[in-house]
Amino acid sequence: MDYNYHTHTDRCGHATGDDEQYVRAAIDAGFKVIGFSDHIPFKNVIHPSERMNYDQLEDYIQSIESLKVKYKDQIDVKLGFELEYFPEYNAYYKELLDRCDYLICGQHNKVLDKYSYDQFTNDEDVLVYASQVKAAIESGLISFVAHPDYFMIGRRSWSKSCEEAVHMIAKAAQEHHVALEINLNGIRYGKSTYDGKLAYPYPFRPFWEIVSQYNVQCLYSFDAHKPYTLLEKERIELVEEILKDLNLSINHSYRI
Ligand SMILES: [Zn+2]
Ligand SMILES: [Zn+2]
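The rules behind the values
Residues numbered from 1 in each chain as written. Chains lettered and ligands numbered in written order. Predicted model: local features only at pLDDT ≥ 70, side-chain atom pairs only at ≥ 80, totals over all residues. Heavy atoms only, no water. Core = buried A, V, L, I, M, F, W, Y, C linked by side-chain atoms within 4.5 Å. Buried < 20%, exposed > 50% of the residue type's maximum accessible area, 1.4 Å probe, protein only. Helix = DSSP H or I, 4+ residues; strand = E, 2+ residues; numbered from the N terminus. Contact = heavy atoms within 4.5 Å. Donors = N, O, S within 2.8 Å, 3.2 Å for Na, K, Ca; no water. Tetrahedral: all angles 85-135°; square planar, octahedral: opposite > 155°, others 65-115°. Axes fitted to C-alpha atoms, helices over the stretch in contact; angles between N-to-C directions. Parallel < 35°, antiparallel > 145°, perpendicular 65-115°, else oblique. Left-handed = near helix turned anticlockwise from the far one by under 90°. Pairing = 2+ DSSP bridges.

1. Some thoughts on the nonpolar core
One finds Phe81, Tyr93, Ile137, Ile142, Trp158, Trp208 and Leu230 to be the most contacted residues of the largest nonpolar core, which totals 93 residues. The greatest single-element share of this core, amounting to seven residues, is contributed by helix 5 (residues 160-176). If sequence neighbours within four positions are ignored, Tyr93 has contacts with Ile40, Phe42, Leu83, Glu84, Tyr85, Phe86, Leu103 and Leu141.

This is how it looks when you write it as C-alpha cells:
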C-alpha cells in the first residue's frame with residue numbers, strides 16, 4: 001500500500017497534529033500519495049467536535065495547496081473532502097469538487113448533524129443508510145465510500161436488513177465503478193459483542209463476505225486523525241486477518 005486518501009486535520013475538532021506533520025508522516029511511511037479528506041463544512045452548521053466551520057474552508061484549501069507545492073518532489077499531496085450525502089446539497093458538493101481533487105462519502109448521519117448512525121441503529125436505519133450511500137454513489141460525485149460498514153458501530157447484531165444494505169451498496173458500487181474502503185481505524189473502538197461473538201465494528205466480516213460476491217474495487221484507508229496513525233502498518237495485518245480468505249480485489253496502489 002503506497003497511498004492514503006483518507007486523512008483529517010485538526011480543524012474537525014477531533015483530530016490532532018499540524019497539516020504538515022501528516023505529510024511528513026506519509027513520507028516516512030513510504031507513501032507516494034497523501035490525500036486530505038477532512039470532514040466537509042456546511043454553511044450554518046457549527047459543530048466544533050465534528051467538522052470545521054464554514055469560515056475555515058479557505059484556510060484548509062490554502063494550507064493543503066501550499067503543501068502540494070512544498071512537497072511536490074517527495075510526495076503527491078491531494079486535496080479532498082469527506083461528505084455526508086444529502087441531495088439538497090448537490091450544487092455545493094459540485095462547487096467544492098471544482099476546487100479540489102476528490103470527494104468521498106462517509107455517511108455518519110441520517111439527518112444532517114443530528115441523527116448519527118453510531119448509536120442504536122435499527123433495521124430501518126440501516127436501510128435508510130444504504131439508500132443514502134447508494135444515492136451518493138449514483139450522484140457521480142464521489143471516488144469511494146469510506147467505511148461502508150459504519151452502521152455496525154451502532155448495532156450488536158447482524159440481520160437480513162444488514163445483508164440487504166450490503167447488496168444495495170455493492171451493486172451500486174459495481175455499476176458505477178466506485179470503490180469501497182476497508183477502514184483501518186474502526187479497530188480503535190475495540191471489540192464489542194455481536195450476536196454473542198466479539199468483533200470490531202468495522203471492517204465487519206459478514207459485510208465483506210457479501211462485497212466479495214461483486215466485482216468491486218476495494219482500497220485501504222487509515223482514516224488518520226493523528227499523523228502517527230499513518231505509520232501503524234500493524235493495523236493492516238490485523239484487518240487482513242479479519243478478512244482472511246475473502247475474494248476481495250484490494251488495490252494496493254489505488255489512485256484517484
Ligand atoms: Zn473524523
Ligand atoms: Zn474520516
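Text resumes after the structure shown.
2. Here we look at the coordination of the zinc ion (ligand 1)
Donor atoms from the polypeptide that bind the zinc ion (ligand 1) are His14 (NE2), His39 (NE2) and His225 (NE2), placed at 2.0 to 2.1 Å. Separating the zinc ion (ligand 1) from the zinc ion (ligand 2) is a gap of 4.5 Å. Placement of His14 in the loop between strand 1 (3-4) and helix 1 (19-28) and of His39 in strand 2 (residues 33-39) is noted, with a sequence separation of 25 residues between them. Taking the relative accessible area as the measure of exposure, His14 reaches 36% and is therefore partly exposed.

3. Some points on the coordination of the zinc ion (ligand 2)
Every protein donor of the zinc ion (ligand 2) is accounted for by His6 (NE2), His8 (NE2), Glu82 (OE) and Asp223 (OD), and the metal-donor separations fall at 2.0 to 2.6 Å. Around the zinc ion (ligand 2), the four donor atoms sit at angles spanning 75 to 167°, and that spread fits a shape best called irregular. If you list the donors of the zinc ion (ligand 2) from N- to C-terminus, the spacing comes out as H-x1-H-x73-E-x140-D.

4. Section: helix 1
Among all positions of helix 1, only Asp19, Glu20, Tyr22, Val23, Ala25 and Ala26 are buried. Two residues or fewer after helix 1 comes Gly30, characterised by a positive phi angle close to 85°.

5. Section: the packing of helix 1 against helix 2 (residues 57-70)
The relative placement of two packed helices is expressed as an angle between their axes plus a distance between the axes. Their axes nearest at 10 Å, the elements helix 1 and helix 2 cross at an angle of 40°. Judged by the inter-axis angle, helix 1 sits oblique to helix 2. Taken as a pair, helix 1 and helix 2 cross one another with a handedness that is right-handed. Residues Asp19, Glu20 and Val23 of helix 1 form the contact with helix 2, whose own contacting residues are Ser63, Ile64, Leu67 and Lys70.

6. Section: the sheet that holds strand 3 (residues 76-83)
Spatially, the eight strands line up as an open sheet ordered 1-2-3-4-5-6-9-10, and their pairing is parallel. The sheet is open, and its two borders are formed by strand 1 and strand 10 (249-250), each paired with just one other strand.

7. Focus: the side chain of Thr229
With respect to the helices and strands, Thr229 occurs in the loop between strand 9 (217-221) and helix 7 (234-242). Excluding residues within four positions of it along the chain, Thr229 makes contact with Phe222, Ala224 and Arg235.

Structural measurements only, silent on function.
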